[in-house]
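These are the residues of each chain, in order.
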Amino acid sequence: MGQGVAMTKWVYSFGGGRAEGRADMRRLLGGKGANLAEMASLGLPVPPGFTITTEVCAYFYAHDRSYPPGLREEVAAALAAVEELTGMRFGDPQRPLLVSVRSGAPVSMPGMMDTVLNLGLNDETVEGLARASGDRRFAYDSYRRFIQMYGDVVLGVDHYLFEDALEELKRERGCRFDTELDAIALERLVATYKEIVHKARGEPFPQDPQEQLWGAIAAVFASWMVPRAVTYRRLHDISSDMGTAVNVQAMVFGNMGDDCATGVAFTRNPSTGAREYYGEFLINAQGEDVVAGIRTPHPLTEAMARANGRPGTSMEVLMPETFAELARVFERLERHYRDMQDVEFTVQKKKLYLLQTRTGKRTAQAALRIAVEMAHEGLISREEAILRVDPASLDQLLHPTLDPRAQHEVIARGLPASPGAVSGRVVFDADSAEKRAQMGEPVILVRIETSPDDIHGMHAARGILTSRGGMTSHAAVVARGMGKPCVCGAADIAISYAERQFTAGRQVVREGDVITIDGGTGHVMLGEVPTVEPQLSAEFATLMEWADGVRRLRVRTNAETAPDARTAVRFGAEGIGLCRTEHMFFQEDRIVAMREMILADDAQGRRRALAKILPMQRQDFVELFEIMEDRPVTIRLLDPPLHEFLPFEEEEIVAVARSAGVDPKVLRRRLAELEEANPMLGLRGCRLGIVYPEIYEMQARAIFEAVLEVRERRGRAPVPEVMIPLVATARELELVRERIDAVAAAVREERGTSFDYLVGTMIELPRAALRADEIAAHAAFFSFGTNDLTQMTLGLSRDDAGKFLDAYLKAGIFERDPFQTLDRAGVGELVRMAASRGRAARPGLKLGICGEHGGDPASIAFCEEVGLDYVSCSPWRVPIARLAAAQAALRRQRACRPEAVSTS
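Since the structure is predicted, the reported quantities are computational estimates derived from the model, not experimental observations.

J.: Mind showing me how you'd approach the overall build of the protein chain here?
T.: Looking only at helices and strands, the protein chain features 35 helices and 34 strands. Relative to the 2.2 N^0.38 estimate, which gives 29 Å for 904 residues, the radius of gyration of the protein chain is 32 Å and therefore close to what a compact globule would have. Across its three principal axes, the protein chain shows a C-alpha extent of roughly 105 × 70 × 50 Å. Counting the 904 residues in the protein chain, one finds 56% classified as buried. If you take every contact in the protein chain between residues at least 6 apart in sequence, the share linking residues at least 24 apart comes to 68%. With an accessible surface of roughly 36,900 Å², the protein chain has 48% of that area assigned to carbon and sulfur atoms.

So this is what it looks like as structure tokens:
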């Protein structure tokens, strides 16, 4: 955000078929302001208004929350233009202009920022509104809403005080809904609300419309840095530098009677991606009523109404002409923006107004379907379709669903707000959700309705259940964005925060009890219900095929078990980039022999123990080679220190000693000998192979004998890639390689046949990266072990960094968690250097990455940039890596095109 003052335009107007802004000015006007300007220019029915730019937000924070010179004059001029277009005047007791004040960041942050409606009302203008509209009830309904919103958002008065007063009045009047309160009751409520403000603030509710306006503008800018907004940005990697714009817009009213309404709609189904209108509306209401979940809204289309068991309640039936006009607008918006739109609208006396359009948030399933179908429809290209889907969101598709054969007891039903089935212990507040999740407990956050203040608990929970709200409520939108299963509007349940329980009929569910929710059906079930693996859609296969056609990076998997290898192949893995052989030694049938080897006094004793492991290790490799068929398999020889295979608890020491036939004293002595001050930097990796060469010799023999066994079965031999871990010097690799080559020669001679193999190393020490040219002389491939390389480079223990990492992220020391996203400036520079030096010394050197970063989209983009050959990640992240690799290749191609180079 720029902070210059001279000749800067701070305010952009829109309305009356004209606008000073455009859709491509999101950075300056925010997404909402840019789209309002664009819709106004298209001649769509947009109430007039103006946008205060994000540059004012920058100035606001850089100058002790003050405004730049000239801003007030520009706002006054823009407000006068709105008065001219509407024929009303701001603060006029006869024909008062009322406005809404909304935030609008360049990136959509639903529910994260604050909104004020009906601004400009006071004790005088409310009477003018009553006379002008001929509806006193409507006027006072608008006024009480304004006091509550302004009191909460601007003045910091607890909104529950207003809610309690409203509920008390409804009980007293015998009303179920606020729409049943008459004008006299609402006048009384306004007086009560003003008393609440006066008591909480020590001063009366502000009556000057100009004071109200500037108070609301300041509140929007201030809300950019409130904890819930900061948390949302951190969770979604949104820069805090971009700031928010402020949108001031003439009010239109959906609460003037039964020919008025307000609603939120999507041009396609945001849960499934189906090409059908999807949304909700409320008659005689204002927009906040829909998204806040205060009243359960009606479905937009009759198809939705029938599906929800409420035929005849849709907008399509109740307001057919307006619905038809809205449908035409949807088609026009989608063709113009070439993407699914999320539209907010109001109907005032049968006249339709558009309050906002933005690219609609959607589930991964919907994103896939929309991208593929829009490409088939010719709206976008295949390349655009690939770039439209967030790779990380594919994780949503890989969550389990309920096992259809499993018995389950449905205790309540709600709306299917975000797909996926999940079980967990019930918690009733966000703090408890976060605390229990940190202790490793799966939890379901159960709320009457969620608010932006619940964001940290929603992030920690495995699923979300609310008793109020619809498919476009805060809970639904945020859960879909997070990929969390969510059931909203489960009116069958009655929640008591005080008693920490909810009831569904006669069933009482207390905090800590286990429930299961299915966000695909809206069902709530008692206890833990078994789940099954997801079935991937045809659109998934299509998009992956398109992605595979453009990506350069190959995608392998980290796997050492048959189930993991099969899963990875099913998800499109092109090989194994990391088989951690130590995981195989922990299995029950071989840990005894492994411990026997560790306890042996000499090499002969170790070889006897290893001979017991050899056939089991060989069978491991046979199984992996057969599953992977002709795909490459990289096998890392034993890496962790030997003490990890021994027990530490006294009871276990005695049991293991008895099993091994030795005195427990022998085991304790061996434990003392193996104890290290810093095991990560001790006797591990290639150092084990040098000090105890018989270990690597056994593993090499198992690999090569497995190659020949598979060739006998299949007629073709795999070409294994033998990887030496923790190499720091070329001599280490040279020594270990000589041992491996000797074993290969012995197996060839014994079997009278030949086979191929590769020997390479992990680059996980800074020195190895610096001396990559020397190491490359003995290596056919490098695989960057970025987990350890990150620890070694930053001097951070991955196990201990969690104690202070959050503070580092908040302080801006790290932009992202370096164990999730590669540190480009430090670790990345070492990778770049090693790749360059290695290939300079050995052209054709194969390069890959096998740390956790291999499944992170941002890190994959770096791998594309550096020119690695492959990434390797967990089986469940293979689809994410395939798509991320394709996007990285497309963006690199676009950046290299002459027209993509900026001339500014």
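On we go from here.
J.: Can you help me understand the environment of Ala385 in this one?
T.: In this fold, Ala385 is placed in helix α15 (residues 382-388). Residues Ala385 and Arg27, 358 residues apart in the sequence, show an inter-C-alpha distance of 23 Å. With near-sequence residues (within four places) excluded, Ala385 lies in contact with Ala371, Ala375, Ile380, Leu543 and Trp546.

J.: Any chance you could explain the sheet that holds strand β32 (residues 781-784) here in plain terms?
T.: Within a sheet, neighbouring strands are paired by backbone hydrogen bonds and run either parallel or antiparallel to one another. Read once around its circumference, the closed barrel built from 8 strands follows the order β27-β28-β29-β30-β31-β32-β33-β34, with strand pairing classed as parallel. Recorded for the sheet is a direction-independent mean angle of 25° between the axes of neighbouring strands. Judged from the 3 bridges that link them, strand β28 (residues 576-580) and strand β29 (residues 633-636) form a sheet pairing that is parallel. Residue pairing in the sheet places Ile576 in a bridge with Val633 of β29.

J.: What is the right way to look at the layout of surface pockets in this model?
T.: Any space left empty among the atoms is revealed by the rolling of a water-sized probe across them. Within this model, the second largest pocket holds a volume of roughly 980 Å³. Together, 32 residues line the second largest pocket, and Arg176, Thr296, Ser467, Arg468 and Ala491 are the ones closest to its centre. Looking at the lining of the second largest pocket, the elements with two or more residues in it are α6 (159-173), β10 (278-283), β16 (415-418) and β21 (493-496). The element best represented in the lining of the second largest pocket is α6, accounting for 4 residues.

J.: How should unusual backbone geometry be read in this particular structure?
T.: Negative phi values dominate among residues other than glycine, just as trans dominates among peptide bonds. Even without being glycine, Arg338 reaches a positive phi, approximately 60°. In the Ramachandran plot, Lys349 falls in the positive-phi region, its phi being about 50° despite a non-glycine side chain. Examined against the element boundaries, Lys349 turns out to sit in the loop between β12 (341-348) and β13 (351-359).

J.: Sorry if this is basic, but what is going on with the pairing of strand β6 (residues 99-104) here?
T.: One face of the sheet, then the other: side chains in a regular strand alternate in exactly this way. Across the 6 residues of β6, 6 count as buried, placing the element largely inside the fold. Alternating residues of β6 divide into Val99, Val101 and Ser103 and Ser100, Arg102 and Gly104, and every residue in both groups is buried. The sheet contact formed by β6 and strand β7 (residues 115-119) spans 3 bridges and is antiparallel. Within β7, the residue paired with Arg102 across the bridge is Thr115.

J.: So what exactly am I meant to see when it comes to the packing of aromatic side chains here?
T.: Describing an aromatic ring pair means giving the distance of the ring centres and the angle of the ring planes. Overall, the coordinates contain 22 aromatic pairs when judged by the stated rule. With centroids separated by 6.3 Å and ring planes inclined at 70°, the aromatic side chains of Trp10 and Tyr59 adopt a geometry described as edge-to-face. Residue Trp10 is located in the segment before β1 (11-15), and its partner Tyr59 is located in helix α2 (residues 54-62); the two are separated by 49 residues in the primary sequence. With respect to class, Trp10 is no different from Tyr59; both count as buried.

J.: Help me out: how do you make sense of the sheet that holds strand β11 (residues 298-299) in this one?
T.: The strand order β11-β10-β9-β12-β13 describes an open sheet built from 5 strands, whose pairing is antiparallel. In this open sheet, the two edge strands, each paired with only one partner strand, are β11 and β13. Where β12 meets β13, 8 bridges bridge the pair, whose relative direction is antiparallel. From the neighbouring strand, Phe345 faces β13, where its bridge partner is Leu354. Most of the contacts of helix α13 (residues 320-337) go to β13, to which it runs at about 30°, and overall it touches β9 (261-266), β12 and β13.

J.: Mind showing me how you'd approach helix α24 (residues 650-660) here?
T.: Along an α-helix, a turn takes 3.6 residues, which lines up residues three or four apart on a common side. For α24, the full list of buried residues reads Ile653, Val656 and Ala657. Angular distribution of buried residues about the axis of α24 spans 100°; they occupy a single face of the element. Residues of α24 that are exposed and angled more than 90 degrees away from the buried face: Glu651, Arg658 and Ser659. Gly661 lies just past α24 and shows a positive phi near 75°.

J.: Please clarify how empty space enclosed by the protein should be interpreted in this entry.
T.: Tallied over the full model, the rule gives 5 cavities of 30 Å³ or more. Taken as a whole, the largest cavity holds about 120 Å³ of empty space. Lining the largest cavity we find 15 residues, and of these Arg102, Met251, Val252, Thr346 and Leu355 sit closest to its centre. When contributions to the lining of the largest cavity are tallied by element, the ones reaching two or more residues are β6 and β8 (245-250).

J.: What is the right way to read the pattern of salt bridges from this model?
T.: Pairing of side chains with opposite charge becomes possible as their charged atoms draw close. Applying the stated criterion across every chain yields a total of 64 salt bridges. One salt bridge in this structure joins Glu774 and Arg771, with 2.2 Å as the shortest N-O distance. Residue classification places Arg771 among the partly exposed positions, given a relative accessible area of 32%. Bridged by salt links that share partners, the residues Arg268, Arg275, Glu331, Glu334 and Glu377 form one connected network.

J.: Would you mind showing me how to read the environment of Val99 here?
T.: With respect to the helices, strands and loops of the structure, Val99 is situated in strand β6. Given the relative accessible area of 1%, Val99 is considered buried. The sequence separation of Val99 and Val878 amounts to 779 residues, and the corresponding C-alpha distance is 50 Å. The contacts of Val99, once residues within four sequence positions are left out, are Leu79, Phe90, Val116, Leu117, Asn118, Leu119, Val248, Gln249, Ala250 and Met251.

J.: In this structure, what is going on with the confidence of the model for the protein chain? I would like to understand it.
T.: For the protein chain, the average pLDDT comes to 91, and 96% of its residues sit at 70 or higher. Across residues 900-904, confidence stays below pLDDT 50; counting only partners more than four residues off in sequence or on other chains, it has 3 contacts.

J.: Can you walk me through the nonpolar core in this structure?
T.: Within soluble globular proteins, side chains that are nonpolar generally end up buried alongside one another. Ranked by internal contacts, the top residues of the largest apolar core, which has 134 residues, are Leu642, Phe704, Ile724 and Ile740. Broken down by element, the residue count for this core peaks at 11 residues, all from helix α27 (residues 693-714). The residues touching Ile724, leaving out its near neighbours within four places in the chain, are Leu637, Cys686, Tyr696, Leu733, Val736, Ile740, Val759, Gly760, Thr761 and Met762. If you look at the next biggest cluster of nonpolar residues, it comprises 87 residues, including Phe50, Cys57, Tyr67 and Met149.

J.: Sorry, what's going on with a negative patch on the surface here?
T.: A cluster of like negative charges, contributed by Asp152, Asp158, Asp164 and Glu168, occupies part of the molecular surface. For Asp158, the position within the fold is in the loop between α5 (136-153) and α6. Judged by its relative accessible area of 42%, Asp158 falls in the partly exposed class.

J.: Which parts of the structure should I look at to understand the side chain of Glu302?
T.: With respect to the helices and strands, the residue Glu302 is situated in helix α11 (residues 302-307). At 2.6 Å, the side chain of Glu302 forms a polar contact with the side chain of Ser314.

J.: Looking at this model, I keep getting lost on the state of the cysteines. Mind explaining?
T.: A covalent bond between the sulfur atoms of two cysteines is what we call a disulfide. One pass over the full model with this rule turns up 0 disulfides. Here Cys686 is not cross-linked by a disulfide; its sulfur's nearest cysteine counterpart is in Cys850, at 15 Å.

J.: Would you mind showing me how to read the side chain of Ser393 here?
T.: Tracing the backbone through its elements, the reader meets Ser393 in the loop between α15 and β14 (401-402). Ser393 sits in the buried class, given a relative accessible area of 13%. A polar contact of 2.6 Å, which involves the side chain of Ser393, links it to the backbone oxygen of Asp390.

J.: Hey, could you run me through the packing of helix α33 (residues 824-841) against helix α34 (residues 857-866) in this one?
T.: Working note: a packed helix pair is described by the angle between its axes plus the distance between those axes. Look at α33 against α34: their axes get within 10 Å of each other, and the N-to-C directions meet at 30°. Like other packed secondary-structure pairs, α33 and α34 cross with a definite hand, here right-handed. On α34, the residues touching Arg824, Gly828, Val831, Arg832 and Ala835 of α33 are Ala858, Ala861, Phe862, Glu865 and Val866. Its residues assigned to classes, the contact of α33 with α34 comprises 6 nonpolar, 1 polar and 3 charged.

Definitions and cut-offs
- Residues numbered from 1 in each chain as written.
- Predicted model: local features only at pLDDT ≥ 70, side-chain atom pairs only at ≥ 80, totals over all residues.
- Heavy atoms only, no water.
- Helix = DSSP H or I, 4+ residues; strand = E, 2+ residues; numbered from the N terminus.
- Rg over C-alpha atoms; globule rule 2.2 N^0.38 Å.
- Buried < 20%, exposed > 50% of the residue type's maximum accessible area, 1.4 Å probe, protein only.
- Contact = heavy atoms within 4.5 Å.
- Areas by Shrake-Rupley, 256 points an atom, 1.4 Å probe, with all protein chains shown as cover.
- Pairing = 2+ DSSP bridges.
- Axes fitted to C-alpha atoms, helices over the stretch in contact; angles between N-to-C directions.
- 1 Å grid on protein atoms, 1.4 Å probe; cavity = no way out; pocket = protein on both sides within 12 Å on 5 of 7 lines; lining within 4 Å.
- Points joined across faces, edges and corners; volume = space filled by probe spheres on them.
- Phe/Tyr/Trp six-rings, centres within 6.5 Å; stacked < 30°, edge-to-face > 60°.
- Arc of directions from axis to C-beta.
- Salt bridge = Lys/Arg side-chain N within 4 Å of Asp/Glu carboxyl O.
- pLDDT = per-residue confidence, 0-100.
- Core = buried A, V, L, I, M, F, W, Y, C linked by side-chain atoms within 4.5 Å.
- Patch = residues over 30% accessible without salt bridge, like charges linked within 9 Å, V, L, I, M, F, W, Y side chains within 5 Å.
- Lys, Arg positive; Asp, Glu negative; His and termini not counted.
- Charge placed at Lys NZ, Arg CZ, Asp CG, Glu CD.
- Polar contact = N/O pair within 3.5 Å; in protein donor to acceptor, adjacent residues only side chain to side chain.
- Disulfide = S-S within 2.5 Å.
- Left-handed = near helix turned anticlockwise from the far one by under 90°.
- Nonpolar A, V, L, I, M, F, W, Y, C, P; charged D, E, K, R; others polar.

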